[in-house]
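Report on the structure
What follows is the residue order along each chain.
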Amino acid sequence: MFTPPKPRFREHFRQDLINNLMNRSNQGTKQLYKHHVITECVMYSCDMCLEFQRKSDGLLTSDWIEHITQEVGEAIKTILPRDFNDCDIRIAIEKVQQLMRFPASNRQEEIDKYYNRI
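We now turn to the structure provided with this report. (Residues numbered from 1 in each chain as written. Predicted model: local features only at pLDDT ≥ 70, side-chain atom pairs only at ≥ 80, totals over all residues. Heavy atoms only, no water.)

**Observations concerning the layout of surface pockets**
Quick note on the threshold: Grid spacing is 1 Å over the protein atoms alone, the probe is 1.4 Å, and a cavity is where that probe fits but cannot get out, while a pocket is an open set with protein on both sides within 12 Å along at least five of seven lines and lining residues have an atom within 4 Å of a point. Grid points are joined across faces, edges and corners, and a volume is the space filled by probe spheres set on the points. Elements are defined by DSSP. Helices are runs of H or I of four residues or more, strands are runs of E of two residues or more, and each kind is numbered from the N terminus.
When its volume is computed, the largest pocket comes out at roughly 270 Å³. Contributing elements (two or more residues each) for the lining of the largest pocket: helix H1 (10-24) and helix H2 (34-55). Counting residues per element, the lining of the largest pocket draws most heavily on H1, which supplies three residues. Taken as a whole, the second largest pocket holds about 160 Å³ of empty space.

**Concerning helix H3 (residues 62-79)**
As a reminder of what qualifies: Expected span of a helix: the number of residues minus one, times 1.5 Å. Buried residues are those whose accessible area, probed at 1.4 Å on protein chains only, stays under 20% of the maximum for their type, while exposed residues exceed 50% and partly exposed ones sit between those limits. Residue contacts are counted whenever heavy atoms from the two residues lie within 4.5 Å of one another.
Its 18 residues place the ends of H3 26 Å apart at the C-alpha level, agreeing with the 26 Å of an ideal helix rising 1.5 Å per residue. Listed as buried for H3 are Trp 64, Ile 65, His 67, Ile 68, Thr 69, Glu 71, Val 72, Gly 73, Glu 74, Ala 75 and Ile 76. Contact partners of the buried residues in H3: H1, H2 and helix H4 (86-99).

**Details of H1**
The terminal C-alpha atoms of H1 lie 20 Å apart, and with 15 residues this matches the ideal 21 Å at 1.5 Å per residue to within 8%. When we look at burial in H1, the residues that qualify are Arg 10, Phe 13, Leu 17, Asn 20 and Leu 21. Two residues or fewer after H1 comes Asn 26, characterised by a positive phi angle close to 55°.

**Some words on the packing of H3 against H4**
Applicable threshold: A fitted line through C-alpha atoms serves as each axis, taken over the contacting stretch for helices, and the angle formed by two N-to-C directions is quoted from 0 to 180°. Two helices cross in a left-handed way if the nearer one is turned anticlockwise from the farther one by less than a right angle. They cross in a right-handed way if the turn is clockwise. Under the scheme applied, nonpolar residues are Ala, Val, Leu, Ile, Met, Phe, Trp, Tyr, Cys and Pro; charged residues are Asp, Glu, Lys and Arg; polar residues are all the others, including Gly.
The geometry of H3 relative to H4 is characterised by a closest axis approach of 9 Å and an angle of 145° between their N-to-C directions. Viewed along their axes, H3 and H4 form a crossing whose handedness is right-handed. For the pair H3 and H4, contact is made by Ser 62, Ile 65, Glu 66, Thr 69, Gln 70, Gly 73, Glu 74 and Lys 77 and by Asp 86, Ile 89, Arg 90, Ala 92, Ile 93, Val 96 and Gln 97, respectively. A per-class count over the contact of H3 with H4 returns five nonpolar, five polar and five charged.

Here you go:
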């Protein structure tokens, strides 16, 4: 069975992630540690998964969750090549897979709090 390749989103995510990381670091004046960057990867991935799910009329399979998180991680690797690696992406994928098992309203609320939207 042939499965077409999934689209590359990393370039679309890159500027958002740069802005988010700059906000998290108070425009570069506050040190970010690896757990901060992994958390950003997880939260942004969950946000993009929920957006994908809304736009695809509910389609969000495990392989799409992994793909979206992988793309977010690859975008972060281009921003912080010495500080974020494939192992960090695997950690994020596992965490996103776990979080996406919970009801969407709870996830969206947690994401909105993280990004100070509420």
